[in-house]
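A look at the structure
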Amino acid sequence: MQILIYSYNYHPEPIGIAPLMTELAEGLVKRGHKVRVITGMPNYPQRQIYDRYRGKLYVTEHKNGVKIQRSYLRIKSKPNLIDRLLLELSFVFTSLPQALRGERPDLILLTVPPLLVCLPATLIAWLYNCPVVLNVQDILPEAAVRVGLIKNKLMISALETLEKFAYRTAHSISVIADGFVDNLKNKGVPANKIACIPNWVNLNFIRPLPKENNYWRATHQLDDKFVVLYSGNIALTQGLETVIEAASRLRHLKEIVFVIAGESQALKRLQKHCLACGADNVLLLPLQPREKLPQMLAAADVGLIVQKSNVISFNMPSKIPLLLASGRPIVGSVPATGTAAKAIKESGGGIIVEPESADALAGAVLNLYNQPELAAKLGRKGRKFAVENYSFEQALNRYEELFADVVSKRATTLDILPELSSKESLVDI
């Protein structure tokens, strides 16, 4: 099968959807499929184009059997709402010629966000008469509205219209959590159009490792410490100020150290909050290289999942499978009725506390600090659940089944390009 993956993020970006789409593309190649990826110039999480791609309009690469076609992005390191819109528009317009330079796809896998990318993907699907599988990682614009990123009523209305268009024109929609299924069904999306395929974790790469002789602990002077770790994207949906306030509640216990690893701009803001709260037991670190991830997760005694109280059914942290696979207990400062809480509860690998409550978070950490047997039990349950539910092979099988089903059912009544072979493109290469 010829598969076109339309994903704003891809390798070598270290976190978020990029590693997942990279693993999926390369996994499909190993299964005998031909995969082409349309993506932007790598820029995340620094929000700056990586040096080797700077100043270029288009770049085509090949990695592990995948053809990667990159296009220019207009990007600002400190974007406002207009900058974000222009960023998405730049990808919409520059990616379209790249998508037309290459083999005719049998299927398009489109990841959102960003939401505007559904426009060129739908056009390409129409031109090639091939189905689109919409892969929803966050539900927009709902997420942006709930956290206050978008307040303009006209823009909200326009984005909601675009969201309905994306759902209506996709042949199938893959979501990453049950809460997303309910969200889409409540918006009128037919249940038979939705497939729930959770994001996965490489269980051989992320696995329980001993804390003893851990070079990551030693490097950061964390030997003999009880490490409470948050690592990854620092977004408006989280409110990591709660973590810092919880740390300040426990600063009298010198063995407990909170570690936050994230983007440098966000760390500057959190550093000010640490000073204001007197949280001298918080270690702020830049995002760590992907190859250090197993040792970093193994260095933790507790892993944190943090969300604001209004984050219910439109966001599913990709960190959950990682923490479960590492065999470390989770403390989830998340809404009790939300998607994240459901995943943590179902795994048996963590504790749920009231979101945006420093006292509740500090109490849960203290509970695990005082009860190492409980922490170990939660860690074992979490690892077992990850092995049974979040393996890459399981996800790959389900994507293959979904793709085969969608392709077999595609309509042929609008076959506008009947003479175009699978090796031809609409634009000369």
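Conventions we followed
- Residues numbered from 1 in each chain as written.
- Predicted model: local features only at pLDDT ≥ 70, side-chain atom pairs only at ≥ 80, totals over all residues.
- Heavy atoms only, no water.
- pLDDT = per-residue confidence, 0-100.
- Contact = heavy atoms within 4.5 Å.
- Buried < 20%, exposed > 50% of the residue type's maximum accessible area, 1.4 Å probe, protein only.
- Helix = DSSP H or I, 4+ residues; strand = E, 2+ residues; numbered from the N terminus.
- Pairing = 2+ DSSP bridges.
- Right-handed = clockwise from strand over helix to strand, strands pointing away.
- Salt bridge = Lys/Arg side-chain N within 4 Å of Asp/Glu carboxyl O.
- Axes fitted to C-alpha atoms, helices over the stretch in contact; angles between N-to-C directions.
- Phe/Tyr/Trp six-rings, centres within 6.5 Å; stacked < 30°, edge-to-face > 60°.
- Lys NZ or Arg CZ within 6 Å of the ring centre and 35° of its normal.
- Patch = residues over 30% accessible without salt bridge, like charges linked within 9 Å, V, L, I, M, F, W, Y side chains within 5 Å.
- Areas by Shrake-Rupley, 256 points an atom, 1.4 Å probe, with all protein chains shown as cover.
- Parallel < 35°, antiparallel > 145°, perpendicular 65-115°, else oblique.
- Left-handed = near helix turned anticlockwise from the far one by under 90°.
- Nonpolar A, V, L, I, M, F, W, Y, C, P; charged D, E, K, R; others polar.

Under an unreviewed UniProt entry, the protein has the name Glycosyltransferase family 4 protein and belongs to Nostoc flagelliforme FACHB-838.

Any segment with low pLDDT has predicted coordinates that should not be analysed in fine detail. Residues of the protein with pLDDT of at least 70 account for 94%, and the chain-wide mean is 91. Note that residues 412-420 has pLDDT below 50 and, in this model, 15 contacts with residues that lie over four places away or in other chains.

This brings us to the pairing of strand β5 (residues 107-112). Among the 6 residues that make up β5, 6 are buried, leaving the element largely enclosed by the rest of the structure. Bridging between β5 and strand β6 (residues 132-136) involves 5 bridges; their strand directions are parallel. Bridged to V112 within β6 is V136. Tracing the backbone out of β5, into helix α3 (residues 118-128) and back to the parallel element β6 gives a crossover that is right-handed.

Tracing the sequence through the fold places L184 in helix α6 (residues 178-186). Residues L184 and P289 lie 105 residues apart in sequence; the distance between their C-alpha atoms is 35 Å. Ignoring anything within four residues of it in the chain, the contact list for L184 reads I139, Y167, I173, V175, V189 and I194.

For the structure on display, the rule yields 18 salt bridges. For D51, the salt bridge goes to R54, with nearest N and O atoms at 3.0 Å. On the basis of relative accessibility, which here comes to 47%, the residue R54 falls in the partly exposed class. The residue D359 makes a salt bridge to R249 at a minimum N-O spacing of 2.8 Å. With D359 in helix α13 (residues 358-370) and R249 in helix α8 (residues 241-249), the pair connects residues that are 110 residues apart, well separated along the chain. Using a relative accessible area of 53% as the deciding quantity, one classes D359 as exposed. Here the salt bridges share partners, and the residues they tie into one network are R31, E393 and E400.

We now examine the sheet that holds strand β4 (residues 66-71). Spatial strand order, β3-β4-β2-β1-β5-β6-β7-β8: 8 strands in an open sheet with mixed pairing. Since the sheet does not close on itself, it has two edges, and those belong to β3 (58-63) and β8 (194-196), each with one partner. Strand-to-strand twist of the sheet, defined as the mean angle between neighbouring strand axes without regard to direction, takes the value 20°. As defined by bridge partners, β6 adjoins strand β7 (residues 172-175) across 4 bridges and the pair is classed as parallel. Considered in β7, the bridge of L134 is made with I173.

Per the stated rule, a full pass over the model turns up 7 aromatic pairs. A centroid spacing of 6.2 Å and a plane angle of 85° characterise the contact between W200 and Y399, whose relative ring orientation is edge-to-face. Of this pair, W200 sits in the loop between β8 and α7 (215-219) while Y399 sits in helix α15 (residues 392-409), placing them 199 residues apart in sequence. When sorted by exposure, W200 lands in the same class as Y399, which is buried. Considering the side-chain rings of F385 and Y390, the 5.7 Å spacing of their centres and the 70° angle between planes classify their relative orientation as edge-to-face. Y390 matches F385 in its accessibility class, with the two residues each being buried. Aromatic rings pair up to connect W200, F392, Y399 and F403 into one cluster. The cationic tip of R101 hangs over the ring face of Y58; the distance from NZ or CZ to the ring centre is 5.2 Å.

Take a nonpolar patch on the surface next. Residues I82, L85, L86, L89 and F93 make up a contiguous nonpolar surface patch of about 440 Å² in total accessible area. Position of L89 relative to the elements: it lies in helix α2 (residues 81-100).

Axes are the key here: two packed helices are described by the angle between their axes and the distance separating the axes. One way to put it is that helix α1 (residues 17-30) packs onto α15 with a least axis distance of 11 Å and a crossing angle of 70°. The orientation of α1 with respect to α15, classified from their angle, is roughly perpendicular. As for how α1 packs across α15, the hand of that crossing is right-handed. Two secondary-structure elements touch here, α1 through E23, L24, G27 and L28 and α15 through F392, L396, Y399, E400 and F403. Taken together, the residues of the contact of α1 with α15 sort by class into 6 nonpolar, 1 polar and 2 charged.

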